Amino acid sequence: MIKFLFKGIIRDKSRSMLPIIVISLGVSLTIVLSGFLSGAMTDMVDQNAKFDTGHVKIMSRAYAENKDQLPNDLALLGVDSLITALQVNYPDLQWVKRIRFGGLLDAPDGSGESKGQGPAAGIAINLLDASSGEVERMNITNSIVSGNLPKNAKEALIGDEFASKLNLKIGDEVTYFGTTMNGSMTFQNFIISGTIRFGLAAMDRGAILLDITAAQEMLDMEDGTGEILGFYNNGVYDDKAAIALETAFNEKMKDNPDEYAPEMFTLRAQNNLGDLLDYANNMSAIFVIIFVGAMSVVLWNTGLIGGLRRYQEFGIRLALGESKGKIYRSLVLEATLIGIIGSLVGTSLGLLGAFYLQNYGINIEGMVDNSSMMMPTVMRAKVTPDLYYIGFIPGVFAMVFGNILSGIGIYKRETATLFKELEV
């Protein structure tokens, strides 16, 4: 029966061409959009993790309440012993120190007079310690536009856009003006070793990167840090494991009344990323539901039109003694075969589009120039294993569902009128 129906589908293109085209378009759109939006959401979460939130982050309670103000006067102290304890108790994560600070960057000219100034958004990481993995994690080497990585604590990286604004070149000296952890003024000179572009508009406008030891000295934060970030060794954020870790860590600290006591936060609990994670996880299901509904309506109408065209065929089959149930079942089986063929074609086209967007992406740099949200300037799709089969759900289901609805008309045929119709 399947072989017979398959031959009928191939030979009678007027019966199958339109449904196959509709299914192929719907399935390919489902796969491309699902892969693209899932990839874009994943990239946004990944960027936030690497540059800001970590997979988990530890801050003092007071710092956490005011973190948008970069309150280094509320930072953690005794962090070396704390990180040692974290490495022993939670060896499946890598723990790193980071300090965020803000101030004014001044660029002097040859006579010592200021030739330009600008607000600086500083990040201090382990630039000189290769074992920390921070340079690779933040993709700093590939993000350098000119110059090189700092070779000592007196060198710094500066945003390429920021350097152009201040008319700075490699080897120029700049002066940082700011406040220390204790509230006193601090002045520190640095040599520009390189310029950098992360592709994140929120950071590139005024970024300056220092080694953590230089920032600790400059801000009077010896053995102190604003944040301790934890990253899973496999580089993949595990939401359930992170929540369990957060709960266990904070449970140990709940009886400590000190406002400077450490508190852990998961990636989900920061920067409103929880909703983004849930949205990304449900992306495929959302598109399947949308396209199943849309294609079912289209294919229902297609089935009705096809049923009218095959009205006489069904009448002849009934007149020859074939039961209505058998005709109805063969119609549903035929719809299943058409759905599978259309889904195969649509999946192939959709995967080609998804692979293209994964490799090349869509550049949205002009749309995020003034954005304060941390997001990549090139949005890419992500080809995941579920894209290889997810298109069959709307493709087959919508075709079968549409024909189930349109095929009900078979049961409305009256055998008594068949011969009269056939005489016409």
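Relevant structure appears above.
In every chain, residue numbers begin from 1 and rise along the written sequence. With the structure being a predicted model, the display of local features is reserved for residues of pLDDT at least 70 and the display and counting of side-chain atom pairs for 80 or more, all residues being used for whole-chain, interface and lining totals. With hydrogens and water stripped out, all remaining heavy atoms of the structure feed into the side-chain values.

**Examining the packing of aromatic side chains**
The description of an aromatic ring pair rests on the distance of the ring centres and on the angle between the ring planes. Here a Phe, Tyr or Trp ring, Trp counted by its six-membered ring, pairs with any other such ring whose centre lies within 6.5 Å, and the pair is stacked when the planes are under 30 degrees apart, edge-to-face when over 60, and tilted otherwise. Taken as a whole, this structure holds four aromatic pairs when the rule is applied. Ring centres 5.1 Å apart and planes at 90° place the aromatic pair Phe177 and Phe187 in the edge-to-face group. Taken together, the positions of Phe177 in strand β7 (residues 173-179) and Phe187 in strand β8 (residues 185-196) put the pair ten residues apart, joining distant regions of the chain. Relative accessibility under 20% of the residue-type maximum defines a buried residue, over 50% an exposed one, and the middle range a partly exposed one, all with a 1.4 Å probe and only protein chains included. The class of Phe177 is partly exposed, set by a relative accessible area of 27%. Here the aromatic rings of Tyr356 and Tyr360 are separated by 4.9 Å at their centres, their planes lie at 35°, and the arrangement is tilted. A helix here means a DSSP run of H or I that spans at least four residues, while a strand means a run of E at least two residues long, and both kinds are numbered starting from the N terminus.

**Notes on the environment of Met44**
Its place among the elements puts Met44 in helix α2 (residues 13-53). Separated by 335 residues in sequence, Met44 and Met379 have C-alpha atoms that sit 9.0 Å apart.

**Looking at the side chain of Arg137**
Tracing the backbone shows Arg137 in helix α5 (residues 134-137). Under the rule applied, a polar contact is a pair of N or O atoms within 3.5 Å (in protein, one hydrogen donor and one hydrogen acceptor; residues adjacent in sequence only if both atoms are side-chain atoms). Looking at Arg137, its side chain comes within polar contact range of the side chain of Gln94, at 2.8 Å. A polar contact of 2.5 Å, which involves the side chain of Arg137, links it to the side chain of Glu134. For this analysis, residues touch if any pair of their heavy atoms sits within 4.5 Å. When sequence neighbours within four positions are dropped, the list of residues in contact with Arg137 reads Lys50, Gln94, Val96, Arg98, Ser132 and Phe231.

**Examining the pattern of salt bridges**
What counts as a salt bridge is simple: a side-chain nitrogen of Lys or Arg found within 4 Å of a carboxyl oxygen of Asp or Glu. Counted according to the given criterion, the structure contains eleven salt bridges. The shortest N-O distance in the salt bridge between Lys57 and Glu227 comes to 3.5 Å. Taken as a pair, Lys57 in strand β1 (residues 56-60) and Glu227 in strand β11 (residues 227-232) lie far apart in primary sequence, 170 residues in all. For Glu227, a relative accessible area of 3% corresponds to the buried category. With a closest N to O distance of 2.9 Å, Arg197 and Asp160 form a salt bridge. Here Asp160 lies in helix α7 (residues 160-166) and Arg197 lies in the loop between β8 and α8 (201-204), a separation of 37 residues in the sequence. The network of salt bridges with shared partners includes Asp52, Lys57, Arg100 and Glu227.

No statement about biological role is implied by the geometric values presented.
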